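# Analysis of the macromolecular model
One letter stands for each residue in the lines below.
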Protein chains: 2
Amino acid sequence: MERIRPAEIERESMAIIEHGLRARGITLPAETGAVVKRVIHTTADFDYAENLRFTQDAVRQAHTALAGGTIITDSNMALAGISRPAMQKLGCEALCFMAEPFIAQAARERGVTRAAASVEHAASLYPRAVYAVGNAPTALLRLTEYIEEGLRPGLVIGVPVGFVNVTESKERALAACIKYAVPAILAMGRKGGSTVAAAILNALLYQAADLTAPESRLG
Amino acid sequence: MERIRPAEIERESMAIIEHGLRARGITLPAETGAVVKRVIHTTADFDYAENLRFTQDAVRQAHTALAGGTIITDSNMALAGISRPAMQKLGCEALCFMAEPFIAQAARERGVTRAAASVEHAASLYPRAVYAVGNAPTALLRLTEYIEEGLRPGLVIGVPVGFVNVTESKERALAACIKYAVPAILAMGRKGGSTVAAAILNALLYQAADLTAPESRLG
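## Overview of the packing of helix α4 (residues 58-66) of chain A against helix α11 (residues 194-209) of chain A
All names here are of chain A.
- Where α4 contacts α11, the axes come no closer than 9 Å and their chain directions differ by 80 degrees. When the axis of α4 is compared with that of α11, the two are roughly perpendicular. In contact with V59, A62, H63 and L66 of α4, α11 contributes L201, L204, L205, Q207 and A208.
- For the contact of α4 with α11, the class distribution of residues is seven nonpolar, two polar and no charged.

## Some remarks on the relation of the copies chain B and chain A
- If you rotate chain B by 180 degrees and push it 0.0 Å along the axis, it lands on chain A with an RMSD of 0.0 Å. Here the copies are linked by what is in effect a two-fold axis. Judged by C-alpha distance, M77 of chain B is the residue of chain B that lies nearest the rotation axis, at 2.3 Å.

## Overview of helix α2 (residues 33-43) of chain A
All names here are of chain A.
- α2 sits mainly inside the fold: nine of its 11 residues count as buried.
- Buried residues of α2: G33, V35, V36, K37, R38, V39, I40, H41 and T43, and no others.
- On its buried face, α2 sits against α1 (6-23), α3 (48-51), β1 (52-54) and α11.
- Note on α2: the residue one or two positions beyond its end, A44, has a positive phi of about 55 degrees.

## So, the interface of chain B and chain A
- Counting from both sides, the interface comprises 48 residues of chain B and, opposite them, 47 residues of chain A.
- The tally of links from chain B across to chain A stands at two salt bridges.
- Its salt-bridge partner being D45 of chain A, residue K191 of chain B comes within 3.8 Å of it at the nearest N-O pair.
- At the boundary of chain B and chain A, one finds zero residue pairs in polar contact (both at pLDDT 80 or more).

## Considering the packing of helix α8 (residues 114-125) of chain A against helix α9 (residues 137-149) of chain A
All names here are of chain A.
- Taken N-terminus to C-terminus, the directions of α8 and α9 make an angle of 35 degrees; their axes are 7 Å apart at the nearest point. Here the hand of the crossing between α8 and α9 comes out right-handed. Contact with α8, carried on its side by A115, A116, V119, E120 and A123, involves T138, A139, R142, L143 and Y146 of α9 and no other residues of that element.
- Each residue belonging to the contact of α8 with α9 can be placed in one class, and the counts come to seven nonpolar, one polar and two charged.

## A short note on unusual backbone geometry
- Backbone geometry at D57 of chain A places phi at a positive 70 degrees, although glycine is not the residue there.
- Within the element layout of this structure, D57 of chain A appears in the loop between β1 and α4.
- One non-glycine residue, A181 of chain B, lies in the positive phi region at around 55 degrees.
- Locating A181 of chain B in the fold gives a position in the loop between α10 (166-179) and β6 (184-187).

Criteria and cut-off values
Residues numbered from 1 in each chain as written. Chains lettered and ligands numbered in written order. Predicted model: local features only at pLDDT ≥ 70, side-chain atom pairs only at ≥ 80, totals over all residues. Heavy atoms only, no water. Axes fitted to C-alpha atoms, helices over the stretch in contact; angles between N-to-C directions. Helix = DSSP H or I, 4+ residues; strand = E, 2+ residues; numbered from the N terminus. Parallel < 35°, antiparallel > 145°, perpendicular 65-115°, else oblique. Contact = heavy atoms within 4.5 Å. Nonpolar A, V, L, I, M, F, W, Y, C, P; charged D, E, K, R; others polar. Least-squares fit on C-alpha atoms with pLDDT ≥ 70 in both. Buried < 20%, exposed > 50% of the residue type's maximum accessible area, 1.4 Å probe, protein only. Salt bridge = Lys/Arg side-chain N within 4 Å of Asp/Glu carboxyl O. Polar contact = N/O pair within 3.5 Å; in protein donor to acceptor, adjacent residues only side chain to side chain. Left-handed = near helix turned anticlockwise from the far one by under 90°.

So this is what it looks like as structure tokens:
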């Protein structure tokens, strides 16, 4: 088997993505380009060049929120996908409460999803955290309700995927984040997922930590 | 916040997916339909109705391989996405060696990716396992080389994602699996990912364990 160098594959992949964007007549803004390209790299889906939305100055504010901050994910898949070296360099931590037995119990008792119960628990402990929702629209809806009530997360990554309540949850989240000046990155429409949430986080972490992405093919 | 019932959302999602398939003139075979629909459910991407390939009788053989069997994934994200209740019911285990320090060392010493080193390690211990590759084409290539040399996994799930060596790795894997009668499910082309690998595994596990998918929105 020939030797394969991840850094070369990464460069070649990004060149193919840039070519694909040009072929579609798409020019990405300098501020948001790295995030969009990493999501395309993770999904091989150029739709994300069109459906990702960034509130004004979201990327710079994300870097501030991530440095020494806390990331809350709505799935253990997204948690597993976040670059450990980049987090270590920035001194930040990532948590997911979805599999905690007390969350399952709270959800049962109050008739909400575990995802919503997780957001409620996280918001009480980490009101300024970076919230990354890649799976459950109910998590994004609960987070949006909190923002409407006064919560001010450091960043909202809203990329749940699916066919029921998903598009609506993102539209309401975008409106609330704009209204209350909460930095947000959202994948409008049905698409998204835990890999998309992790890709957005990693692109931001690599930039904030001034790292290239040597392990991007290896996670 | 209104009460949300995951089982209802699941049914509604599947009805929307079935409507979307009909609107595209696609009729899925009975054997493979549940897997394809779960992948679309996980990605909101109807491309998977066209790019998923199943070797003959792959789904039935997958059920046999999963019962009491071992699943090897090429990422901790895919590992985190597999339904624990379904695995428990079937008495199977899932493992990922990617983050093991001895894998990093082996990869460095021999100039291969960690993904390839993980496959080599797994093949020596679990030659009949279900191999799920959602991330690294080098893992699928190494697995294919082993199959060409005589390895007979219980099932190959080949859905790495990306722009370099990905399409080729799947074409070579498909040819080898057909030639040597290894059951395989592959996403041809560039698309795939850890969430796709986990969705395929979960669809197969739910069928084999005779479970509905109550936690599908909650993982």
